[in-house]
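# A look at the structure
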Amino acid sequence: MADPSGLKLSVLDLCPIVQGGTAADSFRNAVDLARHAERLGYERYWVAEHHNIPGVASAATAVVIGHVAAGTSTIRVGAGGIMLPNHAPLIAAEQFGTLATLYPNRIDLALGRAPGGDPATARALRRYFQEVDAFPRDVRELQGYFRPAAPGRAVRAVPGEGLEVPLWILGSSDFGARLAAELGLPFGFASHFAPDRLFDALAIYRENFTPSDALAEPYVLIGANAFLADTKEEAVRLFSSHQQAVLNLVRGRPGPLPPPVDDVETLWSPPERAAVERMTRVSFVGAPESVRAPLQSLLNAARPDEVIVAGHVFDHAARLRSYELMMEAARSAGQSG
């Protein structure tokens, strides 16, 4: 099912564990959501790597990707992203070479340079924050493992070699934008939780883009939160779960995804509210008709090729409905823009 507006919509999932739920529930819901997105015409379904967060079940990202890919048939499935400082490039190449062999022409590998956890978690992963500085080198090494066999190559990714798994660079600053431009790779900006540098980063990427064998022209993906329902009041209530989750992160006490509340204003101080609102600024909350105009405004300003939608709704049925209504709003915005 193609989107008539031309804008591609995708799904970003952290496999949220809700209060009272389990990781097993999250993985069942992930496959159900991916199938739902596939039927609706979403382009891809990405899972993000995070560690040591009680409300996030997607730590073993490649394993979750295989689970979702096995339960779907056409939608692209991938990492949004793999935090490369946590992994030897050869291991990442072997994992995603395996996935690409099992599910040909359906696997994406987007790369980030954040560790995906705190310093104690980084130490537990046996990787260290100074490895972030090696990110460009590691990306190039990873690219090399996916290229066809070359004479004298001492280390090979088997499987992986010759598969040309699509690589993306993710970022929330100009660092990722510059690297993606230099390497001629598609660029995804994490505006769903770090929107401050969105327009600066996109300008840098587009102005400095160098065509490559992988990509002839710049390709931009941006993240957005979406909490849609049949009424604005219900959408606002669904959004309160995410607001509480972000508030818990601000307080340094992450936990399972909380149930929605009727009045989130009673839960935070003014500085906490400001922090949550800054982090969730790129969010669409409401019924489709009320979301259409702000969505079109973002599309006009950022000119993305694709929007990847995060919507961690407490109730699974309401989450499915939210993604359905988001596709409806996007098609209407694209047709009228």
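For the structure itself, look to the data block above.
This text gives an overview of the structure that appears in the document. (Residues numbered from 1 in each chain as written. Predicted model: local features only at pLDDT ≥ 70, side-chain atom pairs only at ≥ 80, totals over all residues. Heavy atoms only, no water.)

## Re the packing of helix 5 (residues 135–146) against helix 6 (residues 174–183)
Where helix 5 contacts helix 6, the axes come no closer than 11 Å and their chain directions differ by 35°. Pair helix 5 / helix 6 crosses with right-handed handedness. Listed contacts from helix 6 to Phe 135, Pro 136, Val 139, Arg 140 and Gln 143 of helix 5 are Phe 175, Leu 179, Glu 182 and Leu 183. (Axes fitted to C-alpha atoms, helices over the stretch in contact; angles between N-to-C directions. Helix = DSSP H or I, 4+ residues; strand = E, 2+ residues; numbered from the N terminus. Left-handed = near helix turned anticlockwise from the far one by under 90°. Contact = heavy atoms within 4.5 Å.)

## Structural notes on the packing of aromatic side chains
All told, the structure shown has seven aromatic pairs when counted by the stated rule. Ring geometry for Tyr 42 versus Tyr 323: centroids 5.7 Å apart, planes at 75°, classification edge-to-face. You can see Tyr 42 sitting in the loop between helix 1 (23–40) and strand 2 (44–47) and its partner Tyr 323 sitting in helix 11 (residues 316–336), a full 281 residues away along the chain. Accessibility assignment for this pair places Tyr 42 and Tyr 323 in one class, buried. (Phe/Tyr/Trp six-rings, centres within 6.5 Å; stacked < 30°, edge-to-face > 60°. Buried < 20%, exposed > 50% of the residue type's maximum accessible area, 1.4 Å probe, protein only.)

## Focus on helix 5
With twelve residues, helix 5 should cover 16 Å at 1.5 Å per step; its first-to-last C-alpha distance of 17 Å lies within 8% of that length. The buried count for helix 5 comes to nine of twelve residues, which makes it a mostly enclosed element. Within helix 5 the residues assigned to the buried category are Phe 135, Pro 136, Asp 138, Val 139, Leu 142, Gln 143, Gly 144, Tyr 145 and Phe 146. (Expected span 1.5 Å × (residues − 1).)

## Comments concerning the side chain of His 242
Counting through the fold element by element, His 242 comes out in helix 8 (residues 232–250). Exposure remark for His 242: the relative accessible area of 12% places this residue in the buried category. Dropping the residues within four chain positions of it, His 242 is found in contact with Asn 225, Phe 227, Leu 257 and Thr 280.

## A few points about the environment of Arg 292
Examined against the element boundaries, Arg 292 turns out to sit in helix 10 (residues 288–302). For Arg 292, a relative accessible area of 27% corresponds to the partly exposed category. Separated by 41 residues in sequence, Arg 292 and Ala 333 have C-alpha atoms that sit 5.4 Å apart. Apart from the residues within four sequence positions on either side, Arg 292 is in contact with Ala 329, Ser 332 and Ala 333.

## A closer look at the pattern of salt bridges
Under the defined criterion, the tally for this structure stands at 22 salt bridges. The partner of Arg 156 in a salt bridge is Glu 161, and the shortest N-O contact between them spans 2.9 Å. Among the ionic pairs, Arg 273 bridges to Glu 277, the shortest N-O distance being 2.8 Å. On the criterion of helical spacing, the pair formed by Arg 273 and Glu 277 is a turn pair, its members being four residues apart in helix 9 (residues 270–279). Judged by relative accessible area, Glu 277 falls into the partly exposed class, the value being 39%. One network of salt bridges, with partners in common, ties together Lys 8, Glu 43, Arg 44, Arg 76, Asp 108 and Glu 306. (Salt bridge = Lys/Arg side-chain N within 4 Å of Asp/Glu carboxyl O.)

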